[in-house]
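So you can see what is in the structure, the chains are spelled out below.
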Amino acid sequence: ATFEFADISGGAASEIRTWTLSETPNSINGDNTLDISVKRVPNGLVTNWLHDHAEVGLEVKLNGVQGEMTAIQLDELTQKPVVPDNLLLLSAGIGITPSLSMVRGIGAFSLQDQTKITMIHVERFEEEILCHQELVRRSRNYPNFSYTNIISSNQGRLTKEHLQTLVPNAASQQAYVCGPTQFMRDMTEYLVSIGVP
């Protein structure tokens, strides 16, 4: 979702920023909201302004919503949401937001019994994991949802060998990878090498 902000102190007359949605749009019947997750970052003019000044009722201009990174599709015949049998969500850093959106959407559409989700998230420090408690709770409540986080400051980077032990039935997985560019390159290479299509 792309938003336009006007008259932010220290910025231009118009500041445009884009965030990944953290909730699947329309996943709740009659829902007309967009949910984004804004992480405070050093020198982040708009993100830090939102953390310091945003309040309920703040109005900003929505320039548009686009993108196709979703595991939830509409069945052409029934027009009902469907998901793949085996879903692998692999993320690092703020790349967790589309994975979070898919997990929440699958739950909201009551599709959690129709897919086996393996979610692996890499974060530098545990306290920086977005919605960690929610994901732990979901993994306890839904037997088809496996959630693993890797804290790189303690455990090091995710290796191909470690990934292979975490991803059962590699050839049957539909995988989504989101995070820093080098992470996505490495994980894509590892996934292909262990047989994920």
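This is a predicted model, so every value here is computed, not measured.

Definitions and limits used
Residues numbered from 1 in each chain as written. Predicted model: local features only at pLDDT ≥ 70, side-chain atom pairs only at ≥ 80, totals over all residues. Heavy atoms only, no water. Helix = DSSP H or I, 4+ residues; strand = E, 2+ residues; numbered from the N terminus. Rg over C-alpha atoms; globule rule 2.2 N^0.38 Å. Buried < 20%, exposed > 50% of the residue type's maximum accessible area, 1.4 Å probe, protein only. Contact = heavy atoms within 4.5 Å. Areas by Shrake-Rupley, 256 points an atom, 1.4 Å probe, with all protein chains shown as cover. Lys, Arg positive; Asp, Glu negative; His and termini not counted. Charge placed at Lys NZ, Arg CZ, Asp CG, Glu CD. Axes fitted to C-alpha atoms, helices over the stretch in contact; angles between N-to-C directions. Parallel < 35°, antiparallel > 145°, perpendicular 65-115°, else oblique. Left-handed = near helix turned anticlockwise from the far one by under 90°. Nonpolar A, V, L, I, M, F, W, Y, C, P; charged D, E, K, R; others polar. Pairing = 2+ DSSP bridges.

Chemist: Outline the overall build of the protein chain, listing residues and values.
Modeler: Broken down by element type, the protein chain carries six helices and nine strands. The C-alpha atoms of the protein chain give 18 Å as radius of gyration, which agrees with the globular expectation for 197 residues (16 Å, within 12%). Overall, the C-alpha framework of the protein chain stretches about 50 × 45 × 30 Å when taken along its three principal axes. Looking at the 197 residues of the protein chain, the share that counts as buried comes to 40%. A separation threshold of at least 6 residues defines the contact pool for the protein chain, and within that pool the share at least 24 residues apart is 68%. Split by element, the accessible area of the protein chain, about 11,500 Å² in all, is 48% carbon and sulfur. In the protein chain, 14 positive and 22 negative side-chain charges are present, and the distance between their average locations comes to 5 Å.

Chemist: Explain the packing of helix α2 (residues 96-108) against helix α3 (residues 132-141) to me, and be specific about the residues and the numbers.
Modeler: Between α2 and α3, the shortest axis-to-axis distance is 12 Å and the interhelical angle comes to 40 degrees. In terms of axis orientation, α2 runs oblique to α3. Here α2 runs over α3; the crossing is left-handed. Along its contact with α2, which presents Ile96, Leu100, Val103, Arg104 and Gly107, the element α3 presents Glu134, Leu135 and Arg138. Partitioned by chemical class, the residues of the contact of α2 with α3 number four nonpolar, one polar and three charged.

Chemist: Can you tell me about helix α1 (residues 45-53), naming the residues and giving the values?
Modeler: Each full turn of the α-helix corresponds to 3.6 residues, which orients residues three or four apart in the same direction. Within the span of α1, buried status applies to Val46, Thr47, Asn48 and Leu50. For α1, the elements touching its buried residues are β1 (2-6) and β2 (14-18).

Chemist: So what about the sheet that holds strand β3 (residues 61-64)? Which residues, and what values?
Modeler: The three strands lie next to each other as β2-β1-β3, forming an open sheet whose pairing is antiparallel. Across the chains shown, the open sheet's two edge strands, defined by having one partner strand only, are β2 and β3. Sheet twist, expressed as the average angle between the axes of neighbouring strands with direction ignored, equals 30 degrees. The strands that α1 touches are β1 and β2; relative to β2, the one it contacts most, it runs at about 90 degrees.

The analysis is restricted to geometry; functional conclusions fall outside its scope.
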